[in-house]
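So you can see what is in the structure, the chains are spelled out below.
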Amino acid sequence: MKQRSRYNIKLIHCVRNKKRKKKSLNLPDHTLVKKQYATALKNLEEHNLMVSYITRTYNDLEQMRKDRKKRFKGMRSYVSKMTGVMFNTLLSENKQAGHVNWSHTNKSLDVEVNLDAEKNNAAVKNTKQLSGGERSTTTLVLLLSLLFCVDCPFTVMDEFDVCMDEKRRSISLEQLVNMAEKNEDRQFIFVTPHSLES
């Protein structure tokens with residue numbers, strides 16, 4: 001009996017010492033730790049779901065960007081080719097020939113014009129070498145070529161026939177009227193200081 005009570009006293013001392021040591025270490029209560037762990041685990045799951053959603057969204061956006069870039073390059077290639085074809089076709093009505101040089105890397109556009117396609121002369125690469133009428137005709141033809149590829153509801157041409165002789169003027173007016181008749185869904189406004197009776 002005495003021995004049992006001695007053991008009980010030692011056990012009580014051990015429990016008290018353990019509690020004192022625990023208090024001196026400032027360890028939190030295990031139930032509080034469990035609650036904090038459960039909360040942290042729930043937060044981690046929510047964050048993982050959010051990361052998964054953001055990753056999926058990012059991947060979708062990246063794929064859309066790639067698709068858009070591919071479509072843009074296709075459209076740019078189409079516009080480049082069709083502008084060149086239309087430029088040469090419209091110049092041929094003036095018995096000329098030409099070529100549009102696109103540089104997408106330099107973001108520039110240059111034109112070459114052969115003023116007499118029948119004689120097969122060398123092409124003029126610098127538009128500053130053209131006369132005023134030739135430059136006006138070339139500019140108008142380039143704009144019409146671009147209009148053929150670009151869809152816009154309004155087209156305004158202001159003093160498009162400046163410096164043109166009567167022959168070039170009549171051909172240019174005919175080209176503009178043909179373009180307007182082919183595109184009935186667009187509105188065309190032509191401003192010129194010259195008489196339209198011819």
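Detailed reading of predicted coordinates is not advised where the pLDDT is low. Looking at the chain as a whole, its pLDDT mean stands at 82, while 88% of the residues score no less than 70. When mean pLDDT is taken per element in the chain, helix 2 (residues 30-92) scores highest with 91 and helix 1 (residues 2-25) scores lowest with 70.

Here helix 4 (residues 166-182) contains 17 residues, and its C-alpha end-to-end distance of 24 Å stays within 8% of the 24 Å for a straight helix at 1.5 Å per residue. Turning to helix 4, its buried residues are Arg168, Arg169, Ile171, Ser172, Leu173, Gln175, Leu176 and Met179.

Here we come to the nonpolar core. The nonpolar side chains of a soluble globular protein tend to be buried with one another. Ranked by internal contacts, the top residues of the largest apolar core, which has 19 residues, are Phe87, Leu140, Leu144, Met157, Phe160 and Leu176. Mapped onto this core, the elements with two or more residues apiece are helix 2, strand 2 (108-114), helix 3 (132-149) and helix 4. In terms of residues, this core owes the most to one element, helix 3, which gives five residues. Ignoring sequence-local partners within four residues, the contact set of leucine 140 consists of Met157, Phe160, Met164, Ser172 and Leu176.

Next up on the list: the packing of aromatic side chains. Summed over all chains, the structure comprises one aromatic pair. With 5.9 Å between their ring centres and 40° between their planes, phenylalanine 188 and phenylalanine 190 make a pair best called tilted. We classify phenylalanine 188 as buried; its relative accessible area is 18%. Phenylalanine 190 sits in the partly exposed class, given a relative accessible area of 30%.

Taken as a whole and assessed by the stated rule, the structure comprises three salt bridges. With a closest N to O distance of 3.7 Å, arginine 169 and glutamate 166 form a salt bridge. Of the two residues, arginine 169 and glutamate 166 both sit in helix 4, three residues apart, roughly one turn of that helix.

Conventions adopted
Residues numbered from 1 in each chain as written. Predicted model: local features only at pLDDT ≥ 70, side-chain atom pairs only at ≥ 80, totals over all residues. Heavy atoms only, no water. pLDDT = per-residue confidence, 0-100. Helix = DSSP H or I, 4+ residues; strand = E, 2+ residues; numbered from the N terminus. Expected span 1.5 Å × (residues − 1). Buried < 20%, exposed > 50% of the residue type's maximum accessible area, 1.4 Å probe, protein only. Core = buried A, V, L, I, M, F, W, Y, C linked by side-chain atoms within 4.5 Å. Contact = heavy atoms within 4.5 Å. Phe/Tyr/Trp six-rings, centres within 6.5 Å; stacked < 30°, edge-to-face > 60°. Salt bridge = Lys/Arg side-chain N within 4 Å of Asp/Glu carboxyl O.

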